[in-house]
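Residues per chain are reported as follows:
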Amino acid sequence: MKRVFGVIGLGRFGFNVAKTLAEGGAEVIACDIDEEKVKQISELVHQAFILDATDERALKESGIANADTVIVSIGENIEASILVVVQLMELKVKEIIAKAVNPLHGKVLERLGISRVIHPERDMAIRLAHSLLVGGFIEEIPIAENYSIFEMLPPERLHHKTLKELDLRRRHDMTVLAIKRGEKLMANPSGDEKILPNDILVVLGNIEKISLL
Ligand code: ATP
């Protein structure tokens, strides 16, 4: 059975979430208070409604609360964002994801205990900065405030050296979790493994130390 997603608020973020989910084959119910926004998405998604999502009755009637996951993407009007989240909680939506536009907004949403709070602008800015700091940056999965898993090309300085020689854990507070070599993945490589120029390293570490590699 198709997963059903609700998207509330069709600004740039919500619009692209709804569009991409629909393109990926999911069933999407989208809504916005602005008629123009609803018109723009209506041909791309399963159902689209013009409604004020802070209005409990309208929200209920739209059926959006029956979705498996609802994404609340109302930014500027923080009060509306919080009211909508509370209504969705009342309607027992299984998974609620909401966009926060500033730290306080994020904190309030976290306190409500929803499944996930996202900070797209902040996170994209951090990701961009990290990609500029880490040479050969490919991908980043943030783990904690100061730690991420990075997928990166090894800087030349590491080429043809073994992990033991490099002693990355002690010198750079980083652990090589895996080495991707062509089609092959070497998980938990031993200290005798040599890093080759075309390898992709999967490392767990701290951005400050990794940027000094
Ligand atoms: P983005 O950066 O993604 O473009 P934003 O963070 O600036 O968006 P807003 O413009 O505040 O966010 O809101 C996103 C959308 O939510 C807008 O299209 C707006 O019309 C819609 N919206 C705001 N309040 C409500 C509401 N009460 N019910 C439904 N939609 C709403």
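Below you will find a few notes about this structure. (Residues numbered from 1 in each chain as written. Predicted model: local features only at pLDDT ≥ 70, side-chain atom pairs only at ≥ 80, totals over all residues. Heavy atoms only, no water.)

1. Considerations on the overall build of the protein chain
What counts here: Secondary structure elements follow DSSP: runs of H or I no shorter than four residues count as helices, runs of E no shorter than two count as strands, and numbering proceeds from the N terminus. The globule rule is 2.2 Å times the number of residues to the power 0.38, and the radius of gyration it is compared with is taken over C-alpha atoms. The buried label goes to any residue with under 20% of its type's maximum accessible area, the exposed label to any with over 50%, and the partly exposed label to all in between, with areas taken from a 1.4 Å probe on protein chains only. Contacts are assigned to residue pairs that have any heavy atoms within 4.5 Å of one another. Per-residue and other accessible areas were derived by the Shrake-Rupley procedure at a 1.4 Å probe size, with only the shown protein chains allowed to occlude residues. By the counting scheme adopted, Arg and Lys are positive, Glu and Asp are negative, and His together with the chain ends is not counted. Every charge is mapped onto a representative atom, which is NZ of Lys, CZ of Arg, CG of Asp or CD of Glu.
Along the backbone of the protein chain there are 9 helices and 11 strands. Computed over the C-alpha atoms, the radius of gyration of the protein chain is 22 Å, more than 25% above the 17 Å expected from 2.2 N^0.38 for a compact globule of 213 residues. Its C-alpha atoms give the protein chain principal-axis dimensions of roughly 65 × 35 × 30 Å. Across the 213 residues of the protein chain, 42% fall into the buried class. Look at the contacts in the protein chain between residues 6 or more apart in sequence, and 52% of them connect residues 24 or more apart. Surface accessibility of the protein chain: about 12,700 Å² in total, with carbon and sulfur atoms responsible for 52%. Across the protein chain, the 27 positively charged side chains and the 32 negatively charged ones have centroids separated by 7 Å.

2. A look at the site of the ligand
What counts here: Here, proximity means that at least one heavy atom of the residue falls within 4 Å of the molecule or strand. Any N or O atom pair separated by 3.5 Å or less is treated as a polar contact, with the protein-specific requirement of one donor-capable and one acceptor-capable atom, and with residues adjacent in sequence counted only for side-chain atom pairs. Note that Gly is not counted as nonpolar here; it falls among the polar residues with everything else outside the nonpolar set of Ala, Val, Leu, Ile, Met, Phe, Trp, Tyr, Cys and Pro and the charged set of Asp, Glu, Lys and Arg.
For the ligand, the set of nearby residues contains 19 residues, the closest of which are Arg12, Phe13, Asp32, Glu76 and Lys99. A distance of 3.2 Å is found between an oxygen atom of the ligand and a backbone nitrogen or oxygen belonging to Gly75. A total of 640 Å² of accessible area belongs to the ligand in isolation, and the protein chains cover 83% of it. The class makeup of the residues in the shell around the ligand is 6 nonpolar, 6 polar and 7 charged.

3. Details of the nonpolar core
The following threshold applies: Here the nonpolar core consists of buried residues drawn from Ala, Val, Leu, Ile, Met, Phe, Trp, Tyr and Cys, with membership extended through side-chain atoms lying within 4.5 Å.
Counting residues in each nonpolar core, the largest one holds 26 residues, and the members touching the most others are Ile8, Leu59, Val72 and Leu88. The element that contributes the greatest number of residues to this core is helix H4 (residues 78-90), accounting for 4 residues. Residues in contact with Leu59, not counting those within four places in the same chain, are Ile8, Leu51, Ala53, Ile64, Gln87, Leu88 and Leu91. One finds Met152, Leu163, Met174 and Ile195 within the second-largest nonpolar core, a separate group that totals 18 residues.

4. Side note on the environment of Ile207
By the element assignment, Ile207 lies in helix H9 (residues 207-210). Through-space distance from the C-alpha of Ile207 to that of Leu133 is 7.9 Å; in sequence the pair is 74 residues apart.

5. Section: the side chain of Ser62
Looking at the secondary structure, you find Ser62 in helix H3 (residues 56-62). Looking at Ser62, the relative accessible area reads 8%, which means it is buried. At a separation of 3.1 Å, a polar atom in the side chain of Ser62 contacts the main-chain amide nitrogen of Ile64. Non-local contacts of Ser62, meaning those with residues more than four positions away in its chain, are made with Phe49 and Leu51.

6. Details of the packing of H4 against helix H5 (residues 103-112)
For clarity, the cut-off: Axis angles are defined between N-to-C directions and span 0 to 180 degrees, where every axis is a line fitted to C-alpha atoms and, for a helix, only to the segment in contact. When describing relative orientation, an angle under 35 degrees is termed roughly parallel and one over 145 degrees roughly antiparallel, while 65 to 115 degrees is termed roughly perpendicular and anything else oblique.
At a minimum axis distance of 11 Å, the contact between H4 and H5 shows a crossing angle of 10 degrees. Classified by the angle between their axes, H4 and H5 sit roughly parallel to one another. Across the interface between the two elements, Ile78, Ser81, Ile82, Val85, Val86 and Met89 from H4 touch His105, Val108, Leu109 and Leu112 from H5. For the contact of H4 with H5, a count of residues per class yields 8 nonpolar, 2 polar and no charged.

7. Details of unusual backbone geometry
Although it is not a glycine, Asp167 sits at a positive phi angle of roughly 50 degrees. Given the relative accessible area of 23%, Asp167 is considered partly exposed.

8. Observations regarding the pattern of salt bridges
So the rule is basically this: Salt bridge, as applied in this entry: a Lys or Arg side-chain nitrogen positioned within 4 Å of an Asp or Glu carboxyl oxygen.
Summed over all chains, the structure comprises 13 salt bridges. Residue Asp123 pairs with Arg122 through a salt bridge whose shortest N-O separation is 3.0 Å.

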